[in-house]
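Here is what each chain is made of, one letter per residue.
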Amino acid sequence: MHKSFLVGWLLLVIGSFNTSAVWSQNSNSAYSYTATKEITATKGAVVSAHPLASQVGLEILKKGGNAVDAAIATQWALAVVYPGAGNIGGGGFMVARLANDKRIALDYREMAPGKAHKDMYLDAAGNAVGEKSLNGHLSGGVPGTVAGLFAAHQYARLPMRVLIQPAIDLAGHGFKISANEAHGLNNNRDDFKKYSTRPTAFVKATEWKAGDTLVQKELAQTLLRIRDEGEKGFYQGKTAQLIVDEMQRGKGLISLEDLKNYKAKFRTPIEFDYRGYHVISMPMPSSGGLLLNQLLKMIEPFNIGAMGFETPASVQLMTEAERRAYADRAKYMGDEDFVKVPVNELRSDSYLKERMKDYVPGKAGNSTLVKPGNIPGYESEETTHLSVLDNEGNAVAVTTTLNNSYGSRTVIGDAGFILNDEMDDFSAKPGSPNLYGAVGGKANAIQAGKRMLSAMTPTVVLKNNNPFLVVGTPGGTTIPTSVFQTIVDIIDFNMTPNDAVNKPKFHHQWLPDRIDIEAGFPDTTAKKLEDMGYKLYTRKQIGRTEVIKVLPNGKMNVVADHRGDDAAAGW
Ligand code: GLY
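It should be emphasised that the depicted structure is a prediction, and the values quoted were computed from it without experimental measurement.

Rules behind the numbers
- Residues numbered from 1 in each chain as written.
- Predicted model: local features only at pLDDT ≥ 70, side-chain atom pairs only at ≥ 80, totals over all residues.
- Heavy atoms only, no water.
- Helix = DSSP H or I, 4+ residues; strand = E, 2+ residues; numbered from the N terminus.
- Rg over C-alpha atoms; globule rule 2.2 N^0.38 Å.
- Buried < 20%, exposed > 50% of the residue type's maximum accessible area, 1.4 Å probe, protein only.
- Areas by Shrake-Rupley, 256 points an atom, 1.4 Å probe, with all protein chains shown as cover.
- Lys, Arg positive; Asp, Glu negative; His and termini not counted.
- Charge placed at Lys NZ, Arg CZ, Asp CG, Glu CD.
- Pairing = 2+ DSSP bridges.
- Axes fitted to C-alpha atoms, helices over the stretch in contact; angles between N-to-C directions.
- Contact = heavy atoms within 4.5 Å.
- Near = heavy atom within 4 Å.
- Polar contact = N/O pair within 3.5 Å; in protein donor to acceptor, adjacent residues only side chain to side chain.
- pLDDT = per-residue confidence, 0-100.
- Core = buried A, V, L, I, M, F, W, Y, C linked by side-chain atoms within 4.5 Å.

## As for the overall build of the protein
A count of helices and strands for the protein gives 20 helices and 19 strands. Computed over C-alpha atoms, the radius of gyration of the protein comes to 22 Å, within 12% of the 25 Å expected from 2.2 N^0.38 for 571 residues, which places it in the range of a compact globule. In terms of overall dimensions, the protein has C-alpha extents of about 65 × 60 × 45 Å along its principal axes. Across the 571 residues in the protein, those meeting the buried criterion constitute 65%. Within the structure as shown, the protein displays about 19,600 Å² of accessible surface, and the carbon and sulfur contribution to it stands at 51%. Of the side chains in the protein, 63 bear a positive and 60 a negative charge, and the two mean positions are spaced by 1 Å.

## A short note on the sheet that holds strand S1 (residues 38–41)
The strand order across the open sheet formed by seven strands is S1-S18-S17-S13-S12-S9-S8, and the pairing between neighbours is antiparallel. A strand with exactly one partner marks an edge of an open sheet, and here the two such strands are S1 and strand S8 (270–274). Adjacent strand axes in the sheet meet at a mean angle of 20° when their direction is disregarded. In this sheet, strand S18 (residues 556–559) lies alongside strand S17 (residues 546–550) in antiparallel orientation, the contact comprising four bridges. Bridge pairing in S18 places Lys549 opposite Asn557. Its contacts with the sheet place helix H13 (residues 288–299) against S8, strand S9 (277–281) and strand S12 (459–463), and it is angled at close to 15° to S8. Sitting on the sheet, helix H18 (residues 478–491) is in contact with S8, S9, S12, strand S13 (466–472) and S17, with an inclination near 140° to S13.

## Regarding the site of the ligand
Near the ligand you find Arg109, Thr383, Thr401, Asn403, Glu422, Asp425, Tyr436, Ser454, Ala455 and Met456, and these make up its full shell. The contact in question runs from a nitrogen atom of the ligand to an N or O atom on the side chain of Glu422, over 2.7 Å. For the ligand, an oxygen atom lies 2.8 Å from a polar atom in the side chain of Ser454. Burial of the ligand by the protein chains amounts to 99% of its free accessible area of 200 Å².

## Observations regarding the confidence of the model for the protein
For the protein, the average pLDDT comes to 93, and 94% of its residues sit at 70 or higher. Under a pLDDT of 50 for its full length, residues 1–27 has, in the predicted model, 55 contacts with residues more than four places off or in other chains.

## Side note on the nonpolar core
Residues Tyr274, Leu296, Met333, Val488 and Val558 are the most contacted members of the largest nonpolar core, which totals 86 residues. It is helix H15 (residues 312–332) that provides the largest number of residues to this core, a total of nine residues. Ignoring sequence-local partners within four residues, the contact set of Met333 consists of Met284, Ser287, Leu290, Leu291, Gln294, Ala325, Asp328, Val341, Leu346, Ala443, Asn444 and Leu453. Of all hydrophobic cores here, the second largest spans 83 residues; its members include Ile104, Met160, Ile177 and Leu386.

Below, the structure written as structure tokens:
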């Protein structure tokens, strides 16, 4: 990390703590930064989608905060410096294993508004209309992020006003945007104008370019209200009224009552052992932890380590596990507060063994033949992940999202933040694919107050009951398979975290029946898979995985994905 950046940033953070509105001050720190992709740390580390956000987290650790403090501050900062996915207008999940062995799975997923109903995205002919569930006011669920960060705060050490202040400063002073951000804002310019009813900081007269300053005064004011009034600064009072005014101008559904009633919920994490390691991940309403459990346990009986990384044999085995797990997702998974999900049955050893019975090495499976399993008596890709580990042993994995890139592209007028388009993660019509091509069934049908099924998989892996990996990624339905692949790469193929993160990834999700591969996937393996009968599809990048691995000497190997502006910070 650039030295002048560090010094400037520290001054800004320290200077901000005692002030109320500080963006009239000047600082160079947010204008001079670089993305460090890999570091070794001893005292603590943060890895996230943006260098400024990772740096905020690190400074909080240095000020005596623990990993939860750092995760909260990093998320507030991401809401400013990474508007495409960092958010206060979306939702997310936090999985943590604290030094005292407490395990946390915090659900702050968006919720369907009170006026939402099963058929709200169907046209007169009964067909799902993606335009409505993906874009604009009607696509937004009730945001959960602010409630989630306040719920997590009981495990933090520093006051919330300290954790949120760097974000307020970044929003009010502005910061230098990267080439990726300039590209994203320019690409979405017309959509911001189309789906917002008020002028927004994200649209200016000329095209954005790398190095331009993005100032978000309205967002700074919203964050100040949250700092001064707590959760109520978002879910009640002026901010809530601004959200509802925006809904009324754009025919959205979120009401004052929906906002007031929103609650983050603590869930019981999904936990299981894999080859002597212990995995802790997110339960419903994310499918991520259960899918990861199914995937790892389906391949555990096989000696995949001997097959080797991205050989035809290992890719085929993992693909066939993915096919079966995603078929189960489509039928059984949804918000457990509304539907019964047979979690224990779906992850039982006998069920998973049975599921793999028709797997034939060397021959492609077929998604028309491989149906969801039989449980008797049952009915943006722009997400972002951050991993934090401190020297006390607190490990925190957070994945948070607006769904699509820049969510609904509806910016809440005079409040300066983007509303999610998470309603598209519901199954608008059984069998009809969503943004990620994933199909769903009744278990994930829209219902007022229900949380839409997610694939986010923030995960902590323990070895001998100590933190070993803190891992997660964005990527919609590719999230569980990327976390799966990363864990297998590190545990079974003995790969470095850098290789596990950055080598090409692959993905299968039952339907469509094909293996998605990233550019750079080995040609020889691709050819052999085609010979077995698989269809392959080369697609744009899969995920942006952030990993912290604890090395045998106790140091932390911290890796930020090279696919974006992601950056590691530590000390
Ligand atoms: N919107 C992506 C997910 O929640 O899985």
